[in-house]
Amino acid sequence: MIVLGIETTCDETAAAVVERSEDGRGKILSNIILSQVNEHAAFGGVVPEIAARAHVEALDLIIGRAMREAGQDFDDLDGIAAAAGPGLIGGVIVGLTTAKAIAMVKRKPLIAINHLEAHALTARLTDATPFPYCLFLASGGHTQIVAVRGIGDYVRLGTTMDDAIGEAFDKTAKLLGLGYPGGPQVEREALRGNPARFALPRPMQGRKDADFSLSGLKTALRLEAEKIAPLSDQDVADLCASFQQAVVDVVLDRLRAGLRLFRARYGAPTALVAAGGVAANLAIRKVLHRLAFEVGSVLVAPPLELCTDNGAMIAWAGAERLALGMTDTLDVAPRARWPLDEIAAAKGKLQRTAAYK
Ligand code: KG4
Ligand code: ZN
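Let me begin by describing the structure that accompanies this report. None of these values were measured; they are calculated from a predicted model.

So, the site of ligand 1
As a matter of local geometry, ligand 1 sits amid 16 residues, with Gly140, Asp170, Gly183, Glu187 and Gly277 nearest to it. Contact distances for ligand 1 include 2.7 Å between a nitrogen atom and a side-chain N or O atom of Glu187. Protein chains bury 88% of the 550 Å² of accessible surface belonging to ligand 1 in isolation. When residues of the shell around ligand 1 are traced back to their parent elements, those giving at least two are helix H5 (165-175) and helix H6 (182-191). Among the elements that take part in the shell around ligand 1, H6 stands out by supplying 4 residues, more than any other. Grouping the amino acids of the shell around ligand 1 by side-chain chemistry returns 3 nonpolar, 10 polar and 3 charged.

As C-alpha coordinates, then:
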(Lines give C-alpha, C1' and ligand atoms only; values in the text may rest on other atoms or scores of the structure.)
(Ligands and ions follow the chains in the order given, each with its own letter.)
Protein backbone atom coordinates (compact mmCIF):
# COMPACT_ATOMS: atom_id res chain seq x y z
CA MET A 1 0.00 0.00 0.00
CA ILE A 2 1.57 3.29 -1.12
CA VAL A 3 0.36 6.64 0.25
CA LEU A 4 1.31 10.26 -0.40
CA GLY A 5 1.29 12.44 2.72
CA ILE A 6 1.05 16.23 2.88
CA GLU A 7 1.89 18.37 5.95
CA THR A 8 1.22 22.13 6.11
CA THR A 9 -0.12 22.77 9.62
CA CYS A 10 2.72 25.04 10.80
CA ASP A 11 5.93 26.34 9.24
CA GLU A 12 7.10 23.27 7.35
CA THR A 13 5.90 22.53 3.83
CA ALA A 14 6.33 18.77 3.58
CA ALA A 15 5.36 15.85 1.37
CA ALA A 16 6.38 12.20 1.49
CA VAL A 17 5.58 8.83 -0.01
CA VAL A 18 5.42 5.86 2.34
CA GLU A 19 4.81 2.17 1.76
CA ARG A 20 3.06 -0.10 4.22
CA SER A 21 3.44 -3.85 3.75
CA GLU A 22 0.66 -6.29 4.63
CA ASP A 23 2.39 -7.29 7.87
CA GLY A 24 2.26 -3.65 8.97
CA ARG A 25 5.89 -2.73 8.30
CA GLY A 26 6.64 0.74 7.00
CA LYS A 27 9.13 2.03 4.47
CA ILE A 28 9.78 5.66 3.58
CA LEU A 29 10.19 6.06 -0.19
CA SER A 30 10.71 9.82 -0.01
CA ASN A 31 10.44 12.54 2.64
CA ILE A 32 10.80 16.15 1.46
CA ILE A 33 10.68 19.03 3.93
CA LEU A 34 11.00 22.73 3.21
CA SER A 35 11.40 24.76 6.38
CA GLN A 36 10.15 28.34 6.44
CA VAL A 37 12.41 29.25 9.38
CA ASN A 38 14.07 32.07 7.41
CA GLU A 39 10.73 33.66 6.49
CA HIS A 40 9.69 33.85 10.15
CA ALA A 41 13.04 34.42 11.90
CA ALA A 42 12.78 38.23 11.84
CA PHE A 43 9.47 38.02 13.75
CA GLY A 44 10.71 35.64 16.47
CA GLY A 45 7.87 33.21 15.77
CA VAL A 46 5.59 31.84 13.05
CA VAL A 47 3.41 34.44 11.30
CA PRO A 48 0.24 32.65 10.07
CA GLU A 49 -0.31 34.70 6.89
CA ILE A 50 3.31 34.40 5.81
CA ALA A 51 3.16 30.64 6.47
CA ALA A 52 0.00 30.12 4.39
CA ARG A 53 1.42 32.08 1.46
CA ALA A 54 4.73 30.19 1.60
CA HIS A 55 2.82 26.86 1.58
CA VAL A 56 0.89 27.93 -1.55
CA GLU A 57 4.11 28.87 -3.32
CA ALA A 58 6.07 25.72 -2.43
CA LEU A 59 3.64 22.82 -2.05
CA ASP A 60 3.30 21.76 -5.73
CA LEU A 61 7.06 21.68 -6.09
CA ILE A 62 7.56 19.72 -2.87
CA ILE A 63 4.93 17.14 -3.84
CA GLY A 64 6.50 16.80 -7.30
CA ARG A 65 9.88 16.21 -5.75
CA ALA A 66 8.51 13.64 -3.28
CA MET A 67 6.83 11.70 -6.10
CA ARG A 68 9.96 11.78 -8.30
CA GLU A 69 12.28 10.71 -5.51
CA ALA A 70 9.94 7.83 -4.63
CA GLY A 71 9.82 6.83 -8.31
CA GLN A 72 6.03 6.89 -8.21
CA ASP A 73 3.32 8.13 -10.50
CA PHE A 74 0.06 9.50 -9.04
CA ASP A 75 -1.73 6.55 -10.65
CA ASP A 76 0.40 4.12 -8.58
CA LEU A 77 -0.80 5.58 -5.28
CA ASP A 78 -3.35 3.80 -3.08
CA GLY A 79 -4.34 6.94 -1.22
CA ILE A 80 -3.68 10.64 -0.60
CA ALA A 81 -3.32 11.76 3.01
CA ALA A 82 -3.14 15.32 4.33
CA ALA A 83 -3.03 16.86 7.78
CA ALA A 84 -6.50 18.36 8.27
CA GLY A 85 -5.58 19.98 11.61
CA PRO A 86 -4.96 21.01 14.30
CA GLY A 87 -2.83 23.93 13.18
CA LEU A 88 -2.73 27.34 11.53
CA ILE A 89 -5.90 27.27 9.48
CA GLY A 90 -4.52 29.03 6.37
CA GLY A 91 -1.81 26.44 5.95
CA VAL A 92 -4.14 23.53 6.73
CA ILE A 93 -6.52 24.71 3.98
CA VAL A 94 -3.67 24.79 1.46
CA GLY A 95 -2.54 21.21 2.20
CA LEU A 96 -5.98 19.64 2.50
CA THR A 97 -7.36 21.33 -0.62
CA THR A 98 -4.35 20.18 -2.63
CA ALA A 99 -4.86 16.61 -1.39
CA LYS A 100 -8.56 16.79 -2.30
CA ALA A 101 -7.71 17.99 -5.82
CA ILE A 102 -5.27 15.11 -6.40
CA ALA A 103 -7.70 12.57 -4.90
CA MET A 104 -10.55 13.83 -7.07
CA VAL A 105 -8.63 13.99 -10.36
CA LYS A 106 -6.89 10.64 -9.82
CA ARG A 107 -9.95 8.99 -8.22
CA LYS A 108 -8.02 7.89 -5.15
CA PRO A 109 -9.18 7.63 -1.53
CA LEU A 110 -8.60 10.73 0.61
CA ILE A 111 -7.48 10.33 4.22
CA ALA A 112 -7.77 13.42 6.45
CA ILE A 113 -5.23 13.06 9.23
CA ASN A 114 -5.11 14.60 12.67
CA HIS A 115 -1.55 15.98 12.94
CA LEU A 116 -1.26 14.75 16.55
CA GLU A 117 -2.35 11.26 15.52
CA ALA A 118 0.45 11.27 12.94
CA HIS A 119 3.02 12.12 15.67
CA ALA A 120 1.46 9.38 17.81
CA LEU A 121 1.78 6.68 15.14
CA THR A 122 5.32 7.48 13.95
CA ALA A 123 6.78 4.87 16.34
CA ARG A 124 4.94 2.21 14.33
CA LEU A 125 6.53 3.42 11.10
CA THR A 126 10.07 3.41 12.54
CA ASP A 127 9.91 0.57 15.09
CA ALA A 128 6.62 -1.31 14.45
CA THR A 129 5.77 -0.61 18.11
CA PRO A 130 2.75 -2.67 19.21
CA PHE A 131 -0.21 -1.14 21.11
CA PRO A 132 -0.69 -0.01 23.83
CA TYR A 133 2.13 2.47 24.34
CA CYS A 134 2.59 5.71 26.22
CA LEU A 135 3.29 8.74 24.04
CA PHE A 136 5.05 11.87 25.23
CA LEU A 137 4.43 14.54 22.62
CA ALA A 138 6.34 17.77 23.22
CA SER A 139 6.55 20.35 20.46
CA GLY A 140 6.17 24.08 19.95
CA GLY A 141 2.39 23.78 20.03
CA HIS A 142 1.69 20.70 22.14
CA THR A 143 2.63 19.02 25.39
CA GLN A 144 0.67 15.82 25.93
CA ILE A 145 0.92 12.41 27.54
CA VAL A 146 -1.30 10.03 25.59
CA ALA A 147 -2.25 6.37 25.92
CA VAL A 148 -2.11 5.07 22.35
CA ARG A 149 -4.31 1.96 22.38
CA GLY A 150 -5.05 1.44 18.71
CA ILE A 151 -5.62 3.33 15.46
CA GLY A 152 -8.10 6.07 16.37
CA ASP A 153 -8.05 5.04 20.04
CA TYR A 154 -6.18 7.68 22.02
CA VAL A 155 -6.71 8.73 25.62
CA ARG A 156 -5.09 11.93 26.81
CA LEU A 157 -3.61 11.36 30.27
CA GLY A 158 -2.04 14.79 30.67
CA THR A 159 -1.65 18.11 28.93
CA THR A 160 -0.37 21.62 29.56
CA MET A 161 -2.52 24.24 31.26
CA ASP A 162 -0.72 27.07 29.48
CA ASP A 163 2.48 27.07 27.39
CA ALA A 164 3.80 24.08 25.44
CA ILE A 165 7.33 22.96 26.39
CA GLY A 166 8.79 23.98 23.02
CA GLU A 167 7.06 27.33 23.36
CA ALA A 168 8.68 27.80 26.79
CA PHE A 169 12.09 27.10 25.23
CA ASP A 170 11.33 29.56 22.41
CA LYS A 171 10.19 32.30 24.79
CA THR A 172 13.25 31.78 27.00
CA ALA A 173 15.49 32.12 23.95
CA LYS A 174 13.71 35.28 22.85
CA LEU A 175 14.00 36.82 26.33
CA LEU A 176 17.73 36.10 26.39
CA GLY A 177 18.32 37.44 22.88
CA LEU A 178 19.01 34.04 21.32
CA GLY A 179 17.62 33.20 17.88
CA TYR A 180 14.49 31.38 16.73
CA PRO A 181 13.63 28.50 17.06
CA GLY A 182 14.91 28.68 20.60
CA GLY A 183 15.12 25.05 21.74
CA PRO A 184 18.43 24.14 20.10
CA GLN A 185 20.00 27.49 21.14
CA VAL A 186 18.96 27.13 24.78
CA GLU A 187 20.30 23.57 24.80
CA ARG A 188 23.63 24.72 23.36
CA GLU A 189 23.98 27.56 25.90
CA ALA A 190 22.98 25.22 28.75
CA LEU A 191 25.99 23.00 28.00
CA ARG A 192 28.39 25.63 29.38
CA GLY A 193 26.11 26.92 32.14
CA ASN A 194 25.54 26.17 35.81
CA PRO A 195 22.11 24.51 36.29
CA ALA A 196 22.15 25.19 40.05
CA ARG A 197 22.80 28.94 39.95
CA PHE A 198 19.16 30.07 39.77
CA ALA A 199 16.43 28.53 41.93
CA LEU A 200 13.54 28.23 39.47
CA PRO A 201 10.19 26.62 40.36
CA ARG A 202 9.11 23.10 39.30
CA PRO A 203 5.41 23.78 38.61
CA MET A 204 2.88 20.97 39.34
CA GLN A 205 5.56 18.74 40.89
CA GLY A 206 4.17 16.01 43.11
CA ARG A 207 0.58 16.20 41.85
CA LYS A 208 -1.33 12.98 41.16
CA ASP A 209 -2.57 14.11 37.75
CA ALA A 210 -0.20 14.23 34.78
CA ASP A 211 -0.73 17.83 33.70
CA PHE A 212 1.91 20.47 32.99
CA SER A 213 2.14 24.19 33.60
CA LEU A 214 5.08 26.17 32.27
CA SER A 215 4.14 29.84 32.27
CA GLY A 216 5.21 30.34 35.93
CA LEU A 217 8.65 28.96 35.15
CA LYS A 218 8.99 31.38 32.26
CA THR A 219 8.01 34.34 34.48
CA ALA A 220 10.43 33.25 37.24
CA LEU A 221 13.21 33.12 34.66
CA ARG A 222 12.38 36.63 33.44
CA LEU A 223 12.46 38.00 36.99
CA GLU A 224 15.89 36.40 37.65
CA ALA A 225 17.21 37.81 34.39
CA GLU A 226 15.90 41.30 35.19
CA LYS A 227 17.53 41.19 38.64
CA ILE A 228 21.04 40.74 37.20
CA ALA A 229 20.73 42.68 33.91
CA PRO A 230 22.77 43.56 31.89
CA LEU A 231 23.53 39.91 31.20
CA SER A 232 27.02 38.58 30.55
CA ASP A 233 27.56 35.54 28.32
CA GLN A 234 27.99 33.42 31.44
CA ASP A 235 24.71 34.77 32.91
CA VAL A 236 22.88 33.72 29.74
CA ALA A 237 24.44 30.25 29.87
CA ASP A 238 23.58 29.86 33.56
CA LEU A 239 19.98 30.99 32.99
CA CYS A 240 19.63 28.50 30.12
CA ALA A 241 21.12 25.67 32.17
CA SER A 242 18.89 26.45 35.17
CA PHE A 243 15.81 26.67 32.94
CA GLN A 244 16.56 23.41 31.14
CA GLN A 245 17.20 21.63 34.44
CA ALA A 246 13.82 22.81 35.74
CA VAL A 247 12.11 21.54 32.57
CA VAL A 248 13.90 18.20 32.83
CA ASP A 249 12.78 17.82 36.47
CA VAL A 250 9.20 18.73 35.53
CA VAL A 251 9.17 16.24 32.63
CA LEU A 252 10.49 13.50 34.92
CA ASP A 253 7.86 14.15 37.58
CA ARG A 254 4.88 14.66 35.24
CA LEU A 255 5.71 11.65 33.05
CA ARG A 256 6.15 9.49 36.14
CA ALA A 257 2.62 10.47 37.11
CA GLY A 258 1.42 9.81 33.54
CA LEU A 259 2.98 6.36 33.47
CA ARG A 260 1.36 5.58 36.83
CA LEU A 261 -2.06 6.52 35.39
CA PHE A 262 -1.33 4.44 32.29
CA ARG A 263 -0.38 1.36 34.28
CA ALA A 264 -3.42 1.63 36.57
CA ARG A 265 -5.82 1.80 33.62
CA TYR A 266 -4.22 -0.24 30.85
CA GLY A 267 -1.39 -2.29 32.38
CA ALA A 268 2.23 -2.02 31.31
CA PRO A 269 2.90 0.00 28.16
CA THR A 270 4.89 -1.75 25.41
CA ALA A 271 7.06 1.37 25.18
CA LEU A 272 7.50 4.99 26.11
CA VAL A 273 7.42 6.87 22.81
CA ALA A 274 8.84 10.36 22.29
CA ALA A 275 7.61 12.72 19.58
CA GLY A 276 7.77 16.42 18.71
CA GLY A 277 10.71 18.76 18.29
CA VAL A 278 11.53 18.91 22.01
CA ALA A 279 12.42 15.20 21.90
CA ALA A 280 15.57 16.35 20.10
CA ASN A 281 16.86 17.74 23.41
CA LEU A 282 19.53 15.39 24.75
CA ALA A 283 18.94 16.23 28.43
CA ILE A 284 15.25 15.43 27.98
CA ARG A 285 16.03 12.25 26.05
CA LYS A 286 18.25 11.11 28.92
CA VAL A 287 15.42 11.50 31.38
CA LEU A 288 13.04 9.62 29.06
CA HIS A 289 15.49 6.71 28.91
CA ARG A 290 15.63 6.68 32.70
CA LEU A 291 11.83 6.69 32.96
CA ALA A 292 11.40 3.86 30.46
CA PHE A 293 13.96 1.83 32.39
CA GLU A 294 12.19 2.61 35.69
CA VAL A 295 8.91 1.12 34.46
CA GLY A 296 10.64 -1.88 32.87
CA SER A 297 9.87 -0.65 29.39
CA VAL A 298 11.87 0.73 26.45
CA LEU A 299 12.16 4.19 24.96
CA VAL A 300 11.26 4.55 21.31
CA ALA A 301 12.56 7.89 20.07
CA PRO A 302 12.29 8.16 16.30
CA PRO A 303 15.19 9.89 14.49
CA LEU A 304 15.09 13.66 14.74
CA GLU A 305 13.76 14.31 11.25
CA LEU A 306 10.75 12.14 12.08
CA CYS A 307 10.25 13.67 15.56
CA THR A 308 9.72 17.14 14.11
CA ASP A 309 6.95 17.89 11.60
CA ASN A 310 7.24 15.93 8.36
CA GLY A 311 5.19 14.40 5.55
CA ALA A 312 6.17 10.78 6.23
CA MET A 313 4.21 10.69 9.49
CA ILE A 314 1.09 11.95 7.67
CA ALA A 315 1.51 9.40 4.87
CA TRP A 316 2.05 6.63 7.43
CA ALA A 317 -1.03 7.55 9.50
CA GLY A 318 -2.91 7.59 6.18
CA ALA A 319 -1.65 4.11 5.31
CA GLU A 320 -2.58 2.76 8.76
CA ARG A 321 -6.12 4.14 8.40
CA LEU A 322 -6.45 3.04 4.79
CA ALA A 323 -5.48 -0.51 5.80
CA LEU A 324 -8.56 -0.48 8.07
CA GLY A 325 -10.76 1.03 5.38
CA MET A 326 -10.99 4.36 7.21
CA THR A 327 -11.16 7.01 4.48
CA ASP A 328 -12.77 10.45 4.25
CA THR A 329 -15.12 12.17 1.83
CA LEU A 330 -14.13 15.22 -0.21
CA ASP A 331 -16.22 17.54 1.97
CA VAL A 332 -14.10 16.91 5.08
CA ALA A 333 -13.32 20.27 6.72
CA PRO A 334 -9.94 21.66 7.82
CA ARG A 335 -9.77 22.32 11.54
CA ALA A 336 -7.71 24.79 13.58
CA ARG A 337 -8.54 22.89 16.77
CA TRP A 338 -8.90 19.11 16.86
CA PRO A 339 -8.18 17.34 20.18
CA LEU A 340 -6.85 13.81 19.84
CA ASP A 341 -9.35 12.17 22.17
CA GLU A 342 -12.20 13.48 20.02
CA ILE A 343 -11.20 10.84 17.48
CA ALA A 344 -11.70 8.18 20.13
CA ALA A 345 -15.08 9.67 21.08
CA ALA A 346 -16.21 9.63 17.43
CA LYS A 347 -15.07 6.03 17.11
CA GLY A 348 -17.07 5.09 20.20
CA LYS A 349 -20.15 6.64 18.61
CA LEU A 350 -19.54 4.70 15.40
CA GLN A 351 -19.25 1.44 17.31
CA ARG A 352 -22.43 2.20 19.21
CA THR A 353 -24.30 2.92 15.99
CA ALA A 354 -23.03 -0.32 14.51
CA ALA A 355 -24.20 -2.21 17.59
CA TYR A 356 -27.72 -0.82 17.27
CA LYS A 357 -28.03 -2.11 13.70
O1 KG4 B 1 7.52 19.37 16.43
P2 KG4 B 1 8.11 20.68 16.01
O3 KG4 B 1 9.13 20.68 14.91
O4 KG4 B 1 7.01 21.68 15.51
C5 KG4 B 1 5.82 21.90 16.18
O6 KG4 B 1 5.84 22.76 17.07
O7 KG4 B 1 4.82 21.24 15.83
O8 KG4 B 1 8.71 21.35 17.32
C9 KG4 B 1 9.34 22.59 17.31
C10 KG4 B 1 9.63 22.96 18.73
C11 KG4 B 1 10.15 24.39 18.88
O12 KG4 B 1 9.47 25.00 19.95
C13 KG4 B 1 11.64 24.18 19.20
O14 KG4 B 1 12.19 25.22 19.99
C15 KG4 B 1 11.61 22.87 19.95
O16 KG4 B 1 10.64 22.09 19.28
N17 KG4 B 1 12.92 22.23 19.92
C18 KG4 B 1 13.68 22.01 21.02
C19 KG4 B 1 14.91 21.48 20.55
N20 KG4 B 1 14.83 21.36 19.19
C21 KG4 B 1 13.61 21.84 18.82
N22 KG4 B 1 13.45 22.25 22.31
C23 KG4 B 1 14.42 21.93 23.19
N24 KG4 B 1 15.62 21.42 22.82
C25 KG4 B 1 15.91 21.18 21.53
N26 KG4 B 1 17.10 20.69 21.17
ZN1 ZN C 1 3.96 18.67 15.11
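Having put the structure on the table, let's press on.
A few points about the nonpolar core
Counting residues in hydrophobic clusters, the biggest one holds 61 residues, and the most contacted among them are Leu4, Ile63, Leu121, Leu135, Val148 and Tyr154. Ranked by residues supplied to this core, first place goes to helix H11 (residues 311-323) with 8 residues. If you count residues domain by domain, this core takes at least three from each of domain 1 (2-127 + 305-356) and domain 2 (133-300).

A short note on the pairing of strand E6 (residues 133-138)
With 6 of its 6 residues buried, E6 lies for the most part within the structure. Residues Tyr133, Leu135 and Leu137 line one face of E6 and the alternating positions Cys134, Phe136 and Ala138 line the opposite face, and both faces are buried. By the bridge criterion, 6 bridges tie E6 to strand E7 (residues 143-150) in an arrangement that is antiparallel. The residue of E7 that forms the bridge with Leu135 is Val146. Linkage of E6 to E7, two consecutive antiparallel strands, is achieved through a turn of 4 residues. Where E6 and strand E9 (residues 272-275) come together, 4 bridges link them in parallel fashion. Note that in E9 the partner of Phe136 across the bridge is Ala274.

Definitions and limits used
- Residues numbered from 1 in each chain as written.
- Chains lettered and ligands numbered in written order.
- Predicted model: local features only at pLDDT ≥ 70, side-chain atom pairs only at ≥ 80, totals over all residues.
- Heavy atoms only, no water.
- Near = heavy atom within 4 Å.
- Polar contact = N/O pair within 3.5 Å; in protein donor to acceptor, adjacent residues only side chain to side chain.
- Areas by Shrake-Rupley, 256 points an atom, 1.4 Å probe, with all protein chains shown as cover.
- Helix = DSSP H or I, 4+ residues; strand = E, 2+ residues; numbered from the N terminus.
- Nonpolar A, V, L, I, M, F, W, Y, C, P; charged D, E, K, R; others polar.
- Core = buried A, V, L, I, M, F, W, Y, C linked by side-chain atoms within 4.5 Å.
- Buried < 20%, exposed > 50% of the residue type's maximum accessible area, 1.4 Å probe, protein only.
- Domains from an automatic or database assignment.
- Pairing = 2+ DSSP bridges.

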